[in-house]
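# Understanding the architecture of this molecule
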Amino acid sequence: MSLTDEQLERYSRHIILKDVGIEGQEKILNGKVLIIGAGGLGAPIALYLAAAGVGTIGIVDGDLVDRTNLQRQVIHFTPDIGKPKVISAKEKIKEINPDIKVNTYQYLASAENISDLIKGYDFIIDGTDNFAAKFLINDACVMAGKPFSHGGILRFDGQTLTHTPGNACYRCVFKEPPPKDAVPTCSQAGVLGAIAGMLGTIQAAETLKFFIGKGELLVNRLLIFNALDMTFRNVTLKRDLNCPVCGQKPSITALTDYEQAACDLKGQR
Amino acid sequence: MKIKVNNEYQEFDGEITVSELLTKNNVEMPDMVSVQLNGEFVKRDNFSSTSLTDQDEINFLYFLGGGNF
Ligand SMILES: [Zn+2]
């Protein structure tokens, strides 16, 4: 693949980076990313990956745009209220960068469909709002040997880790989903909109680093920040050899749908 | 003794267990927190029997469920 003049111009600020260059940009252009959840995290992730030229972006979300989303889900605009989120997101991606191939999946990821969903993609992004989905994405990616970025936000806090095969997974840290109502949900607890942007752009940067193969991914570490104090901390993680999914003798060998626990929004999910 | 809690040192007189440290730090739902002590995760059942020693490094990791909402 060689870049067209238009592409050289569009991606010039990437290309002049020593760690990207034409070679890195070509890798990004060939990249296939699946974003699960087109909400607070998925919105900035999709915008930045589209602008960066990630060749194929898949978006999974079964919801419609709601007025309460607009405070943070910056890919959806006021006239989009009532529109499927995947369609709203696709329209913006195409306007930012017409070269991107966008695949839309207007349904929830489930134990039944997730293996097929992730199959054709190089990197998966968890932008979901509930533990059932977070554990499902983790387990499916570990089993399929797919790298993925985990992200979670609440109130003024955010945390993220990147999993690549053979390294610590989400379940190495959090063994199983918390019981329903044990952890405050986002609609109960709230979230500062900009937190979604902070964490989502970290996840987008990790995705681009994955493709260019430079730097150190958030592998075997959990990045945690609190925006009230504006403090960041890195917690070093080790893969747990007794992990129920990525350990030496995994007890979880099939995908299951946990009861949806968090972030019920008007009972839509 | 000094214990590094979530990257910041805290001082304690005498013995303290993981459970007591969680209480002292006003951790809202101690049953929902993952605790990493000197790089190893402590089983929840062992929170009250695990005593900390000087210069231990401990991290509290919480479930953050949001993202899409
Ligand atoms: Zn694991």
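An account of the accompanying structure is given in this report. This one's a predicted model, so the numbers in the text were calculated from it and none came from an experiment. (Residues numbered from 1 in each chain as written. Chains lettered and ligands numbered in written order. Predicted model: local features only at pLDDT ≥ 70, side-chain atom pairs only at ≥ 80, totals over all residues. Heavy atoms only, no water.)

For chain A, the helix and strand inventory stands at ten helices and eight strands. Since a compact globule built from 269 residues should have a radius of gyration of about 18 Å, the 18 Å found for chain A is in line with a globular shape. Projected onto the principal axes, the alpha-carbon positions of chain A cover approximately 55 × 45 × 40 Å. Excluding contacts between residues fewer than 6 apart, the proportion of contacts in chain A whose partners are at least 24 apart in sequence is 67%. Total accessible area on chain A stands at roughly 11,400 Å², and carbon and sulfur atoms take up 53% of it. (Helix = DSSP H or I, 4+ residues; strand = E, 2+ residues; numbered from the N terminus. Rg over C-alpha atoms; globule rule 2.2 N^0.38 Å. Contact = heavy atoms within 4.5 Å. Areas by Shrake-Rupley, 256 points an atom, 1.4 Å probe, with all protein chains shown as cover.)

Attention shifts here to the pattern of salt bridges. Residues and elements named next belong to chain A. Scanning all chains against the criterion turns up eleven salt bridges over all chains. With its nearest N and O atoms 3.6 Å apart, the salt bridge here joins K27 to E23. With K27 and E23 both in helix α3 (residues 21-29) and four residues apart, the pair spans about one turn of that helix. Relative accessible area serves as the criterion here: at 56%, E23 is assigned to the exposed category. Put simply, D80 and K83 hold a salt bridge, and the shortest N to O gap is 3.0 Å. (Salt bridge = Lys/Arg side-chain N within 4 Å of Asp/Glu carboxyl O. Buried < 20%, exposed > 50% of the residue type's maximum accessible area, 1.4 Å probe, protein only.)

The next thing to look at is unusual backbone geometry. Residues and elements named next belong to chain B. Although it is not a glycine, N38 adopts a positive phi angle of roughly 45°. With respect to the helices and strands, the residue N38 is situated in the loop between β3 (33-37) and β4 (40-42). A positive phi angle, near 75°, is found at Q55, a position not held by glycine. Mapped onto the fold, Q55 is located in the loop between β4 and β5 (57-62).

Residues and elements named next belong to chain A. For α3, every residue scored as buried is listed here: G21, G24, Q25, I28 and L29. Along α3, the residues classed as buried sweep out an arc of 145° about the axis, all on the same side. Against α1 (5-10), α2 (12-15), α4 (42-52) and α10 (193-212) lie the buried residues of α3. (Arc of directions from axis to C-beta.)

We now examine the nonpolar core. Residues and elements named next belong to chain A. Among the nonpolar cores identified, the biggest contains 37 residues, and V33, I35, L49, I57, I59 and I93 are the most heavily contacted of them. For this core, the secondary structure elements donating two or more residues are β1 (32-36), α4, β2 (56-60), α5 (85-96), β4 (123-126), α10 and β7 (221-226). Excluding its chain neighbours within four sequence positions, the residues that come into contact with L49 are V33, I35, V54, I57, I125, A204, T207 and L208. With 23 residues, the next largest nonpolar core counts V142, V173, I224 and V235 among its residues. (Core = buried A, V, L, I, M, F, W, Y, C linked by side-chain atoms within 4.5 Å.)

All names here are of chain A. If you trace the eight strands from one edge of the open sheet to the other, you get β3-β2-β1-β4-β5-β6-β7-β8, paired in mixed fashion. Of all the strands in the sheet, the pair left with one neighbour each is β3 (101-105) and β8 (231-236). Taking each pair of neighbouring strands and ignoring which way they run, the sheet shows an average axis angle of 15°. The pairing of strand β6 (residues 157-163) with β7 spans four bridges and is antiparallel. Along β7, the bridge assignment pairs G158 with F225. Sheet strands in contact with α5 are β2 and β3, and its direction is about 175° off that of β3. (Pairing = 2+ DSSP bridges. Axes fitted to C-alpha atoms, helices over the stretch in contact; angles between N-to-C directions.)

So, on to the coordination of the zinc ion. All names here are of chain A. Coordination sphere of the zinc ion, protein contribution only: C169 (SG), C172 (SG), C243 (SG) and C246 (SG), at 2.3 Å. Bound by four donor atoms, the zinc ion shows angles of 94 to 121° at the metal and therefore tetrahedral coordination geometry. In primary sequence terms, the donor set of the zinc ion follows C-x2-C-x70-C-x2-C. Residue C172 is found in helix α8 (residues 170-173), and its partner C243 is found in the segment after β8; the two are separated by 71 residues along the sequence. (Donors = N, O, S within 2.8 Å, 3.2 Å for Na, K, Ca; no water. Tetrahedral: all angles 85-135°; square planar, octahedral: opposite > 155°, others 65-115°.)

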